[in-house]
Amino acid sequence: MTKIAFIFPGQGSQQVGMGQEFIQTSKESKAFYEKCDEVLQFSLSNLMLNGPAEELTLTYNAQPALLTTGVMVAQKLIDAGIKPDYTAGHSLGEYSAFVTSGALSFEDAVLTVHKRGLFMNEAVPAGEGAMAAILGLDAKSLKAVCDQITTEGNIVQLANLNCPGQIVISGTKEGVEKASVAAKEAGAKRAIPLVVSGPFHSELMREAAEKLQEVIDAIEIQAPHTPIISNVGAELLEDPAAIRNEMIEQVYSPVLWEDDVRKLLELGVTTFIECGPGKVLSGLVKKVDRSVKTYCVHDEVTLEEVIEAIGVSQIG
């Protein structure tokens, strides 16, 4: 029997025009974009469909945009008879998993991630924080490098443990620069600065988490009908209190994506479907285990390909 996980991308996967084909052909899909605009009280959908890309990339726009597209795509799959056994999302993508799994209403999620983006943007002034992808160095060695730089007065830490040989670090601009140099001296193949607006998933985001606490305390969270895999602990999230804690802790904690994938494999997942623009997560899954099937759904063509490849009759 096919076991399926829906996986949802985070910031960086946004694209101008994302979801356009679906909303042009489906009133149900278009309703997600309209509801997003209604909740935020401005036309984010116009920005999603027409750009400019620079404005869409701003964290407080990118977050609700990716959430809306991810949830809309997941609903298209469910309507076609393809339902997930588990859900997981990378950072911001975890909110799409919460909605798809029934833990959080779409409206509450849209407003929460928009505010999450605003708080993250405010936490560290532009230019003071940074992130970089470190390739070819194990987590233990890279953590030792980051700990040493932090001890010297420049905060830097592991932020995204994405797959074997790819770990993102986050912290102050100087901390990330020094850790990138030290990582290469320790054996890393490359250190690639990331074009981001802040030092996400680092201690520098605690202020944002504190502000977000008030927002999250005010929303209703249900027990999910589909289990979610946690970014923070790579464990099943099935309790509303645990989900509430996850929303706060993941703002400043590392994303354990490789562990998430391994947990899903351990649970018997054989098929991963990336819901939304891009193929980043599918690529990371393949680097953990090349034998699993991965699909990316972002338009009618890819949706039909998944329906044909999986076959609704195979799903138990």
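First things first, this report covers the structure right here in the doc. Small disclaimer: the values here were computed from a predicted structure and weren't measured. (Residues numbered from 1 in each chain as written. Predicted model: local features only at pLDDT ≥ 70, side-chain atom pairs only at ≥ 80, totals over all residues. Heavy atoms only, no water.)

Remarks on the pairing of strand 1 (residues 4-8)
- The element strand 1 is largely enclosed, with a buried count of five among its five residues.
- Neither face of strand 1 is exposed, since I4, F6 and F8 on one face and A5 and I7 on the opposite face are all buried.
- Taken together, the four bridges between strand 1 and strand 9 (residues 271-275) define a ladder with parallel strand orientation. Within the sheet, the bridge partner assigned to A5 lies in strand 9 and is F272.
- Across four bridges, strand 1 lies against strand 2 (residues 86-89) in parallel orientation. Paired with A5 across the bridge in strand 2 is Y86. (Buried < 20%, exposed > 50% of the residue type's maximum accessible area, 1.4 Å probe, protein only. Helix = DSSP H or I, 4+ residues; strand = E, 2+ residues; numbered from the N terminus. Pairing = 2+ DSSP bridges.)

Quick word on the pairing of strand 5 (residues 166-172)
- Counting buried positions along strand 5 gives six out of seven residues, so the element sits mostly inside the fold.
- Where strand 3 (residues 129-135) meets strand 5, seven bridges bridge the pair, whose relative direction is antiparallel. Along strand 5, the bridge assignment pairs L135 with Q166.
- Linking strand 4 (residues 156-163) back to strand 5 in an antiparallel pair, the connection comprises two residues, with G165 at a positive phi of about 85 degrees.

Let's talk about the packing of helix 6 (residues 93-100) against helix 11 (residues 240-252)
- It is the contact of helix 6 with helix 11, at a shortest axis distance of 11 Å, that shows an interaxial angle of 165 degrees. Compared by their axis directions, helix 6 and helix 11 come out roughly antiparallel. The interaxial crossing formed by helix 6 with helix 11 has left-handed handedness. Here E94, Y95 and F98 of helix 6 lie close against helix 11, whose contacting residues are I243, E246, M247 and Q250. (Axes fitted to C-alpha atoms, helices over the stretch in contact; angles between N-to-C directions. Parallel < 35°, antiparallel > 145°, perpendicular 65-115°, else oblique. Left-handed = near helix turned anticlockwise from the far one by under 90°. Contact = heavy atoms within 4.5 Å.)

Brief notes about the side chain of E94
- Turning to its location among the elements, E94 is positioned in helix 6.
- Here E94 occupies a buried position and makes no salt bridge, while the nearest side chain of opposite charge, R116, is found at 6.9 Å.
- Ignoring any residue separated from it by four or fewer positions in sequence, one finds E94 in contact with G89, I229, S230, N231, L237, E246 and Q250. (Lys, Arg positive; Asp, Glu negative; His and termini not counted. Salt bridge = Lys/Arg side-chain N within 4 Å of Asp/Glu carboxyl O.)

Comments concerning the nonpolar core
- Core analysis: the largest hydrophobic core is formed by 66 residues, its most contacted members being L77 and I273.
- Of the residues forming this core, the biggest block, eight residues, is contributed by helix 5 (residues 59-79). (Core = buried A, V, L, I, M, F, W, Y, C linked by side-chain atoms within 4.5 Å.)

Quick notes on unusual backbone geometry
- At the junction of G51 and P52, the peptide bond is cis and its omega measures out at 10 degrees in the coordinates.
- Within the element layout of this structure, P52 appears in the loop between helix 3 (44-50) and helix 4 (53-57).
- The phi dihedral of Q41 is positive, around 65 degrees, even though this residue is not glycine.
- Its location among the elements puts Q41 in the loop between helix 2 (27-40) and helix 3.
- On the basis of relative accessibility, which here comes to 72%, the residue Q41 falls in the exposed class.
- Positive phi is not limited to glycine here, since S91 has a value of about 60 degrees.
- Checked against the element boundaries, S91 lands in the loop between strand 2 and helix 6.

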